[in-house]
Structures are given as C-alpha cells and as structure tokens.
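What follows is each chain in one-letter form.
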Amino acid sequence: MENTDNIVIIYNPNVGQHRKKFLERAIKILESNAKKVTLYATEYPGHAIEIAANLKNNINYTILIAAGGDGTINEVINGIYGSDKKLGIIPLGTVSVLAREMGLKLTPEDVARTLMQEKTKYIYPALINGKCFSLMASVGIDASSVKNVNLKLKRKISKLAYVISFIIELFKSSFQSHNVTINADEYKSFCTIIAKGKLYAGEYICAPEATIYDQYLHIVMLKKKGLVGLIKFFWAISRNNIKNLSYLEIVKTKTLSISSNHSEDVQIDGDYFGPLPITIKSSEKPISLIVPVS
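These numbers come from a predicted model, not from an experiment.

Basis of the calculations
- Residues numbered from 1 in each chain as written.
- Predicted model: local features only at pLDDT ≥ 70, side-chain atom pairs only at ≥ 80, totals over all residues.
- Heavy atoms only, no water.
- Helix = DSSP H or I, 4+ residues; strand = E, 2+ residues; numbered from the N terminus.
- Rg over C-alpha atoms; globule rule 2.2 N^0.38 Å.
- Buried < 20%, exposed > 50% of the residue type's maximum accessible area, 1.4 Å probe, protein only.
- Contact = heavy atoms within 4.5 Å.
- Areas by Shrake-Rupley, 256 points an atom, 1.4 Å probe, with all protein chains shown as cover.
- Lys, Arg positive; Asp, Glu negative; His and termini not counted.
- Charge placed at Lys NZ, Arg CZ, Asp CG, Glu CD.
- Axes fitted to C-alpha atoms, helices over the stretch in contact; angles between N-to-C directions.
- Parallel < 35°, antiparallel > 145°, perpendicular 65-115°, else oblique.
- Left-handed = near helix turned anticlockwise from the far one by under 90°.
- Salt bridge = Lys/Arg side-chain N within 4 Å of Asp/Glu carboxyl O.
- Patch = residues over 30% accessible without salt bridge, like charges linked within 9 Å, V, L, I, M, F, W, Y side chains within 5 Å.
- Disulfide = S-S within 2.5 Å.
- Phe/Tyr/Trp six-rings, centres within 6.5 Å; stacked < 30°, edge-to-face > 60°.
- Expected span 1.5 Å × (residues − 1).
- Pairing = 2+ DSSP bridges.

## Quick notes on the overall build of the chain
Now for step 1: What the chain contains, in helices and strands, is nine helices and 20 strands.
Now for step 2: Against the globule reference of 19 Å for 294 residues, the chain gives a C-alpha radius of gyration of 19 Å, in line with a compact fold.
Now for step 3: Expressed as lengths along the three principal axes of its C-alpha atoms, the size of the chain is roughly 60 × 40 × 35 Å.
Now for step 4: When the 294 residues of the chain are sorted by exposure, 53% land in the buried category.
Now for step 5: Sequence-distant contacts, at least 24 apart, represent 74% of the contacts inside the chain between residues at least 6 apart.
Now for step 6: Taken as a whole, the chain presents about 13700 Å² of accessible surface, with 50% of it coming from carbon and sulfur.
Now for step 7: Taking the 36 positively charged and 26 negatively charged side chains of the chain as two groups, their mean positions are separated by 4 Å.

Rendered as structure tokens:
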C-alpha cells in the first residue's frame, strides 16, 4: 500500500540562491510535519521526465513533487502521464505560470501547506506531436525569443532577458505567416498562441475564457502582418486588453495542426520545442494536481 507520508521531490539544482532557500524552507516544513522527503536532482534537459517515469509505478509514493520552473514541471508531467500519481509543485521558476493559474501563493509556508492538505483537481494537458504541455504553446516570434534567450542574462535579470530577446527577434523577423487548421477550417496567422490556461508570462491574460481544468484549447491568432501588428498584439496582452483587437481571432477547439512553407519555431511551457509542423490535441487522460484549499 502506498504511504502518503513518503513524498518525492524532483528539483532543478540550477536555480538561484533565493529559490534554493525557498525550496529548503518548504522541505523543512514538510519534514517537521512527519513527511519523509526523498530528493532527486535533475542533471540535464529531459532528466526529470526519466526520473518521474521511473517512479510513477513505485508503490512507496503517492505524490511526486516538481520543484523548479514551468519547464521542470512540464517534464515531470510528461514522466507521470498516464499514471494515477498526484502531482505537487514547488514553484521556483522565473514566472511560475502554473502556480499562478491554480492560485497558489508563492511563499514556502503556503506551498508546503497546500502539499500537506493534498486537495486535488484534474488538469488536462495537451499533446503536441505526442508530448505533453500543461499551459501554452506558441508559434512565431514568441517561440523564437524563447529559443534564443541568453541564459546567462536570464540568470542575472530574470524576465527582462526574455524582453530583450523578444525585441531582438522582432527586428529580425520577416513577418511570414503560418497555416492553422482547426476542424477543417484554414486560418492564416502571423503569431499563434495555443492556450490551456488564461495567463501569458505569468501575469497577463491572453485567453480570457481558458482554464487548465477543462479539455479545451484556446487558439489566439494574429491576423495582421508587420511590425506594428506584432507590437500592438503583445502590447494588448500586457495591458489585458486582447479582446479589443480587431485583427485577432480566438478559436476554441480540442485539436489543431499548424504548418508552414518556411522554418518556424515552437515553444511549450516556456521551453523551446522545435520547428513546425505540429499537431496538437487535448488529452483524454487527466493529471491529478494538488491545488490550494479555497
């Protein structure tokens, strides 16, 4: 029988000193409340998937906790996908979008309390070419800025590194479109966000009706070509005013595909995924996520 007092934490050891102290404090609280914590440190990209996959059928553990940014959490989700393990998170990322989507307060005390209370809700990840993501994917300049962000600069100045990368990519862009197919309908888009939740970059709303707790994808498409259109698109997102853009379209679906006749980058949950083409569908299998008690 699985022991609810035994928990595993899969963590990214490359976070900054402040986030390491956050993790240490959360672990201390868990251990002081009779939780036996086993730690696994990731050593390379994709390692959290391997660790979680090796543990998902281990009867000694009910809960697997991902400690890191949204990328680390994404890897753990891919590792436990298809199992009945409960997923907990200790948010240590630059923006921690999943924590914000679920209303988790970003203090070690609140995080530890949430993990100990073990209230769960089902979330439904999406599958992109067979790989899970829980928050969002994007195609175009947004994905290129994720791919080419300066990691050393990111460690120093956090989210500003993405802003700098975005500005660089903006002036490199040739403003080409890609083709989005949704339920046999064809769309031409110059930047596309596939949203599982409503938030973009942690605090901005890009898909007001989306929620991580249902199976739908909200496809946010920019229909206007050029520098001005892109700037207005992301400015509207930053001002939580996306509904007022006349050249933007949002379509709700459970499946879609995107292709182009040129190279286009794709990112998922804040990490580079690869180039087009892609096929995305909502998963029928949920993940049991530990969420705050409301």
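## Thoughts on the packing of helix α8 (residues 160-172) against helix α9 (residues 227-238)
Now for step 1: Direction vectors running N to C along α8 and α9 enclose 155 degrees, while the axes themselves pass 10 Å from each other. One element, α8, and the other, α9, form an angle in the roughly antiparallel class. Between α8 and α9 lies a crossing whose hand is right-handed. Contact residues: Phe166, Leu170 and Phe171 in α8; Leu227, Leu230, Ile231 and Phe234 in α9.

## Considering the pattern of salt bridges
Now for step 1: Scanning the entire structure with this criterion turns up nine salt bridges.
Now for step 2: The shortest N-O distance in the salt bridge between Lys159 and Glu203 comes to 2.8 Å. Here Lys159, found in the loop between α7 (151-157) and α8, pairs with Glu203, found in the loop between β12 (199-200) and β13 (204-205); they are 44 residues apart in sequence, far enough to count as distant.
Now for step 3: Take Glu203: its relative accessible area is 41%, and that puts it in the partly exposed class.
Now for step 4: Between Glu169 and Lys172 there is a salt bridge; the shortest N-O distance is 3.2 Å. Of this pair, Glu169 and Lys172 both sit in helix α8, three residues apart, which is roughly one turn of the helix.
Now for step 5: Classification of Lys172 by relative accessible area gives exposed; the value is 56%.

## Quick notes on a nonpolar patch on the surface
Now for step 1: A contiguous nonpolar surface patch, about 640 Å² in accessible area, is contributed by Ile157, Leu160, Val163, Ile164, Ile167, Ile168 and Phe171.
Now for step 2: Top contributing element to the nonpolar patch by residue count: α8, with six residues.
Now for step 3: Summarising the element assignment, Leu160 is placed in helix α8.

## With respect to the state of the cysteines
Now for step 1: Counted under the stated rule, the structure contains zero disulfides.
Now for step 2: Looking at Cys191, it has no disulfide partner, and the nearest cysteine sulfur is the one in Cys206, 10 Å off.
Now for step 3: Looking at Cys191, the relative accessible area reads 0%, which means it is buried.

## Describing the packing of aromatic side chains
Now for step 1: Tallying each qualifying case throughout the model produces three aromatic pairs.
Now for step 2: Taking 4.8 Å as the distance between ring centres and 70 degrees as the angle between the ring planes, the aromatic pair formed by Phe166 and Phe234 counts as edge-to-face. Of the two residues, Phe166 sits in helix α8 while Phe234 sits in helix α9, which places them 68 residues apart along the sequence.
Now for step 3: Owing to a relative accessible area of 16%, Phe166 belongs among the buried residues under this scheme.

## Examining α8
Now for step 1: The end-to-end C-alpha separation of α8 is 19 Å, in line with the 18 Å expected for 13 residues at 1.5 Å each.
Now for step 2: Of the residues making up α8, those classed as buried are Ala161, Ser165, Phe166, Glu169 and Leu170.
Now for step 3: Looking at the buried residues of α8, the elements they touch are α6 (141-147), α7 and α9.

## Description of the environment of Ala112
Now for step 1: One can find Ala112 in helix α5 (residues 108-117).
Now for step 2: For Ala112, a relative accessible area of 0% corresponds to the buried category.
Now for step 3: Between the C-alpha atoms of Ala112 and Glu31, which are 81 residues apart in sequence, the distance is 9.9 Å.
Now for step 4: When neighbours within four sequence positions are excluded, Ala112 is seen to be in contact with Ala26, Ile29 and Leu30.

## What to know about the sheet that holds strand β7 (residues 131-133)
Backbone-to-backbone hydrogen bonds pair the strands of a sheet. The strands run either parallel or antiparallel.
Now for step 1: Here we have six strands laid out as an open sheet, ordered β7-β6-β19-β16-β9-β10, and antiparallel in their pairing. Each having just a single partner strand, β7 and β10 (185-189) make up the two edges of the open sheet. Across the sheet, the mean angle separating the axes of adjacent strands is 25 degrees when strand polarity is ignored.
Now for step 2: Two elements, strand β16 (residues 255-259) and strand β19 (residues 278-282), share four bridges in a ladder whose sense is antiparallel. Paired with Leu256 across the strands is Ile280, a residue of β19.

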